[in-house]
Amino acid sequence: DTAVSQTPKYLVTQMGNDKSIKCEQNLGHDTMYWYKQDSKKFLKIMFSYNNKELIINETVPNRFSPKSPDKAHLNLHINSLELGDSAVYFCASSHQTGSEAFFGQGTRLTVV
Amino acid sequence: AQTVTQSQPEMSVQEAETVTLSCTYDTSENNYYLFWYKQPPSRQMILVIRQEAYKQQNATENRFSVNFQKAAKSFSLKISDSQLGDTAMYFCASSPQGGSEKLVFGKGTKLTVNP
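Since the structure is predicted, the reported quantities are computational estimates derived from the model, not experimental observations.

All names here are of chain A. The sheet built from 4 strands is open, its strands ordered β1-β3-β8-β7 with antiparallel pairing. On the outer flanks of this sheet lie β1 (4-7) and β7 (64-70), each paired with one strand and no other. Each strand of the sheet is rotated relative to its neighbour by a mean of 15 degrees, with strand direction disregarded. Pairing analysis gives 5 bridges linking β7 to strand β8 (residues 73-78), with the strands arranged antiparallel.

Here you go:
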């Protein structure tokens with residue numbers, strides 16, 4: 001009965017590969033997000049979707065492409081992975097604008 | 001633009017004592033929300049407490065309470081009767097009322113509760 005679940009939890013891959021992280025929420029929320037947490041624990045929003053529509057893209061490289069097949073899912077695909085992409089990626093969702101965000105457990109991506 | 005500042009990178013407290021974590025913010029919004037999130041070593045982001053800026057009363061959740069000073073744009077978190085399980089990173093965050101997609105986090109305070 002996990003509210004926001006993302007898979008995988010850990011991902012180790014070589015530079016240049018393409019990988020995807022999946023996220024699903026069963027809370028009935030309209031808005032979903034991807035956040036990146038760097039090695040210094042700083043959390044920064046990457047993308048935000050509301051009812052499958054992209055509403056925020058925070059100057060993230062084009063190699064990152066979110067996809068929302070329906071409002072319960074927001075997947076993140078990353079092309080041509082670079083060493084600097086190593087981080088923890090969090091998916092989150094919220095019910096209405098201004099309310100708190102509920103986070104998934106994070107995916108630790110390591111690019112070698 | 002919103003900014004959130006946490007000036008204490010690390011803090012420690014003895015078990016059963018009280019500790020206060022500081023947070024200041026800046027926003028041009030009239031209506032906004034403020035949050036404290038906890039991130040234990042398990043990595044999960046957990047909402048601790050939430051404050052709506054238009055409410056003057058400080059929010060409380062069991063051992064956690066805030067001191068919200070709107071004019072000073074200050075939003076500190078007080079943890080009473082600290083427990084070992086409170087050891088975690090604590091993040092202060094704000095979002096405008098009309099857009100939680102603009103949730104902005106501070107850099108976090110690493111709290112260690114010592115036995």
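Moving on, there is more to tell.
Glancing now at the interface of chain B and chain A. Each side of the interface is counted separately: chain B has 23 residues, and chain A has 27 residues. Counting across the chain B and chain A interface gives 1 salt bridge. Across the salt bridge formed by A:Glu100 and B:Arg50, the nearest N and O atoms sit 3.1 Å from each other. Joining chain B to chain A, the criterion identifies 8 residue pairs in polar contact (both at pLDDT 80 or more). The class makeup of the residues in the side of chain B that touches chain A is 10 nonpolar, 8 polar and 5 charged.

All names here are of chain A. Thr7 connects to Pro8 through a cis peptide bond whose omega is 0 degrees. If you trace the backbone, Pro8 turns up in the loop between β1 and β2 (10-13). Positive phi, normally seen in glycine, also occurs at Lys52, with a value near 75 degrees. In this structure, Lys52 sits in the loop between β5 (43-50) and β6 (53-57).

With that settled, consider the state of the cysteines. Counted under the stated rule, the structure contains 2 disulfides over all chains. A disulfide bridge connects A:Cys23 with A:Cys91, and the sulfur atoms are separated by 1.8 Å. Between A:Cys23 and A:Cys91 the disulfide shows an S-S torsion of about -75 degrees. By sign, it is left-handed. With A:Cys23 in strand β3 (residues 19-25) and A:Cys91 in strand β9 (residues 87-94), this pair connects stretches of sequence that are 68 residues apart. For A:Cys91, a relative accessible area of 0% corresponds to the buried category. B:Cys23 shares a disulfide with B:Cys92; S-S distance 2.0 Å. The S-S bond linking B:Cys23 to B:Cys92 shows a torsion near -70 degrees; that makes this disulfide left-handed. One end of the pair, B:Cys23, is in the loop between β3 (19-21) and β4 (24-26); the other, B:Cys92, is in strand β10 (residues 88-96), with 69 residues separating them in the sequence. Both residues of the pair, B:Cys23 and B:Cys92, count as buried.

Across all of its chains, the model carries 14 aromatic pairs over all chains by this definition. Taken together, a centroid distance of 5.7 Å and an interplanar angle of 55 degrees make the contact between B:Tyr37 and B:Phe105 tilted. Of this pair, B:Tyr37 sits in strand β5 (residues 32-39) while B:Phe105 sits in strand β11 (residues 104-105), placing them 68 residues apart in sequence. For the pair shown, B:Tyr37 and B:Phe105 are each scored as buried. Here the aromatic cluster, defined as three or more aromatic residues joined through ring pairs, consists of A:Tyr33, A:Tyr35, A:Phe90, A:Phe103, B:Tyr33, B:Phe35, B:Tyr37, B:Phe91 and B:Phe105. Sitting above the plane of the A:Tyr10 ring, B:Arg43 keeps its charged end 5.0 Å from the centroid.

The next point concerns the pairing of β3(A). All names here are of chain A. Where β1 meets β3, 4 bridges bridge the pair, whose relative direction is antiparallel. By the bridge assignment, Gln6 is partnered in β3 with Cys23. With 4 bridges connecting them, β3 and β8 associate as antiparallel partners. Within β8, the position partnered with Ser20 by the bridge is His77.

What counts, and at which threshold
- Residues numbered from 1 in each chain as written.
- Chains lettered and ligands numbered in written order.
- Predicted model: local features only at pLDDT ≥ 70, side-chain atom pairs only at ≥ 80, totals over all residues.
- Heavy atoms only, no water.
- Pairing = 2+ DSSP bridges.
- Helix = DSSP H or I, 4+ residues; strand = E, 2+ residues; numbered from the N terminus.
- Axes fitted to C-alpha atoms, helices over the stretch in contact; angles between N-to-C directions.
- Contact = heavy atoms within 4.5 Å.
- Salt bridge = Lys/Arg side-chain N within 4 Å of Asp/Glu carboxyl O.
- Polar contact = N/O pair within 3.5 Å; in protein donor to acceptor, adjacent residues only side chain to side chain.
- Nonpolar A, V, L, I, M, F, W, Y, C, P; charged D, E, K, R; others polar.
- Disulfide = S-S within 2.5 Å.
- Buried < 20%, exposed > 50% of the residue type's maximum accessible area, 1.4 Å probe, protein only.
- Phe/Tyr/Trp six-rings, centres within 6.5 Å; stacked < 30°, edge-to-face > 60°.
- Lys NZ or Arg CZ within 6 Å of the ring centre and 35° of its normal.

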